[in-house]
Protein chains: 2
Amino acid sequence: MPATSQRPNAGTKGVPRADREAQIVEAATEIFGTRGFAATSVGDIAERAGISKPLIYNYFGSKEGLLRACLHRAIDILAGEFERIASGDAVGLERALRTLEGTFALLEPQPWIWRLFFDPTIPRGEEGIAAELAHYADRFTALAEEGVGEMMRLAGVDDPLDISALTAVWMSVADSLVTWWLEHPEETPASMSARCLRLFQVVLSAPLPPGLAAE
Amino acid sequence: MPATSQRPNAGTKGVPRADREAQIVEAATEIFGTRGFAATSVGDIAERAGISKPLIYNYFGSKEGLLRACLHRAIDILAGEFERIASGDAVGLERALRTLEGTFALLEPQPWIWRLFFDPTIPRGEEGIAAELAHYADRFTALAEEGVGEMMRLAGVDDPLDISALTAVWMSVADSLVTWWLEHPEETPASMSARCLRLFQVVLSAPLPPGLAAE
DNA sequence: CTGGTAACTTACCCATTAGTCATATCGTTG
DNA sequence: CAACGATATGACTAATGGGTAAGTTACCAG
């Protein structure tokens, strides 16, 4: 028997660091992604992950370091595959549909990761994580803008502001579908894709508003 | 001359309570709306409004009370007009365009108010403001769902989940356009409306993806 | 069985910030 | 002009939450 036992729960539980880190990052990503960085406390994350707060600081150094780890994992999951999807040979609305399908498949395990890149509550100090985050968010935005711009040029529009606005709309559409999915967990990637096809169909087959009919 | 002067700036400045309240609410709405509730401190708001923190507590009781006041003003500005716009006789995409136009005109003075209703950093305790907020957010959602549902029934779709998803998408589209506007302050409500018309045109005139062409 | 190290936790520190108190000035009114 | 209520603030308290110090337990190599 040990001489003293003032910290009854202390001591290792035999979980390797890599495993714990993954587990913590997973929990953190979910809470950061749903509640926002600013509204989340490190204590909340520790509780959710079933460990204590100092372990997080041991492994990640700071709240921001934890966020950085979440981001890097998110990048690993998304970046390559996302560019592959976006660089297919489809254009216009078909490219949009393919991108949505790919996104749903990618995000299936944890849709929250997407939110990290566009969390408005992350402190916007020039230095630190904000810059890094902006870099990756911009990569996704650039990808989207490329697709949107291509479609608009086909339609004879090339006003950069129009492209910028429609890109924002498009990304928001994708985001809202992921969010909706979050609230309907029984949906599969396949059923989401099918649903999107139906929704496109409804919108595109709707009667044109006046002033927009001809041309 | 007064006997003592230990608080040099104390004392009334002759601003009636109603005016001060309006001024504070205006400042608070802007900061809450852009940075999020959780990431905003009462001190920041006081500084922005040019008054001291205790005055806010004097008038609104708590940070949550201040948010409630912001919400009520937002309701006053939006609710009636919004319902009038939505209850016009337009349907489908024309109703959508009309709603956007009305929204831009309404939000012109302070686009931030819109964000209050969908701020994810507001504490989600069952009791308190969250319930009230959900009530109003649901009213807007119901309005949108009515319009979307009408359009979808015209297109022969009546799956409630499809309606729910497209409603989420539609609200997100409106939100993203307001956000985009926030980042392009030189735009007027009229130019935003015109831009939306062009964007609709591009999307609707795009070549249909395969598998979606015929019926 | 004896170190050393990696995996843990309790109990704390301290900066920020929600919220309060006591006080000060002004306008009005009898 | 005295008294009062409304408008206002500097200086405090208390709690939250990021971050740390120091110690506890388990495993493993010699």
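Preceding block: the structure.
Structural notes, computed from the coordinates. These figures come from a predicted structure and were not determined experimentally.

A word on the relation of the copies chain A and chain B. Turning one copy of the chain about an axis and sliding it along that axis gives the other copy, so a rotation and a shift relate them. Once chain A is rotated about the relating axis by 178° and shifted along it by 0.2 Å, it coincides with chain B to within an RMSD of 0.4 Å. Seen this way, the second copy is the image of the first under a two-fold rotation axis. Counting the interface residues of chain A, we find that 98% of their copies in chain B are interface residues as well, pointing to one common contact surface.

So, about the interface of chain A and chain B. Contacts between the two partners involve 45 residues from chain A, matched on the other side by 45 residues from chain B. In total, chain A and chain B occlude about 3,800 Å² of area from one another, counting both sides; carbon and sulfur atoms represent 74% of this. At the boundary of chain A and chain B, one finds six salt bridges. A salt bridge links arginine 195 of chain B to aspartate 159 of chain A, with the nearest nitrogen and oxygen atoms 3.3 Å apart. Counting the contacts that link chain A with chain B gives nine residue pairs in polar contact (both at pLDDT 80 or more). Of all the elements, helix α8 (residues 160-182) of chain A adds the most residues to the side of chain A that touches chain B, at twelve residues. Here the residues of the side of chain A that touches chain B are counted per class, giving 29 nonpolar, eight polar and eight charged.

What follows is about the pattern of salt bridges. Residues and elements named next belong to chain A. Here the structure, examined in full by the defined rule, presents 32 salt bridges over all chains. As a salt-bridge pair, glutamate 64 and arginine 68 come within 3.8 Å of each other at their nearest N and O atoms. With a gap of four residues between them, glutamate 64 and arginine 68 both fall in helix α4 (residues 63-86), about one helical turn apart. Owing to a relative accessible area of 34%, glutamate 64 belongs among the partly exposed residues under this scheme. On the basis of relative accessible area, arginine 68 is assigned to the partly exposed category, the value being 29%.

Residues and elements named next belong to chain A. Position of aspartate 175 relative to the elements: it lies in helix α8. Taking relative accessible area as the criterion, aspartate 175 reaches 23% and is therefore assigned partly exposed. Each C-alpha atom, one on aspartate 175 and one on leucine 133, is 17 Å from the other, the two residues being 42 residues apart in sequence. Beyond its immediate sequence surroundings of up to four residues, aspartate 175 is in contact with Trp114 and Arg115. There is a polar contact of 3.1 Å between the side chain of aspartate 175 and the side chain of arginine 115.

What counts, and where the lines are drawn
Residues numbered from 1 in each chain as written. Chains lettered and ligands numbered in written order. Predicted model: local features only at pLDDT ≥ 70, side-chain atom pairs only at ≥ 80, totals over all residues. Heavy atoms only, no water. Least-squares fit on C-alpha atoms with pLDDT ≥ 70 in both. Contact = heavy atoms within 4.5 Å. Buried area = accessible area lost by both parts, 1.4 Å probe. Salt bridge = Lys/Arg side-chain N within 4 Å of Asp/Glu carboxyl O. Polar contact = N/O pair within 3.5 Å; in protein donor to acceptor, adjacent residues only side chain to side chain. Helix = DSSP H or I, 4+ residues; strand = E, 2+ residues; numbered from the N terminus. Nonpolar A, V, L, I, M, F, W, Y, C, P; charged D, E, K, R; others polar. Buried < 20%, exposed > 50% of the residue type's maximum accessible area, 1.4 Å probe, protein only.

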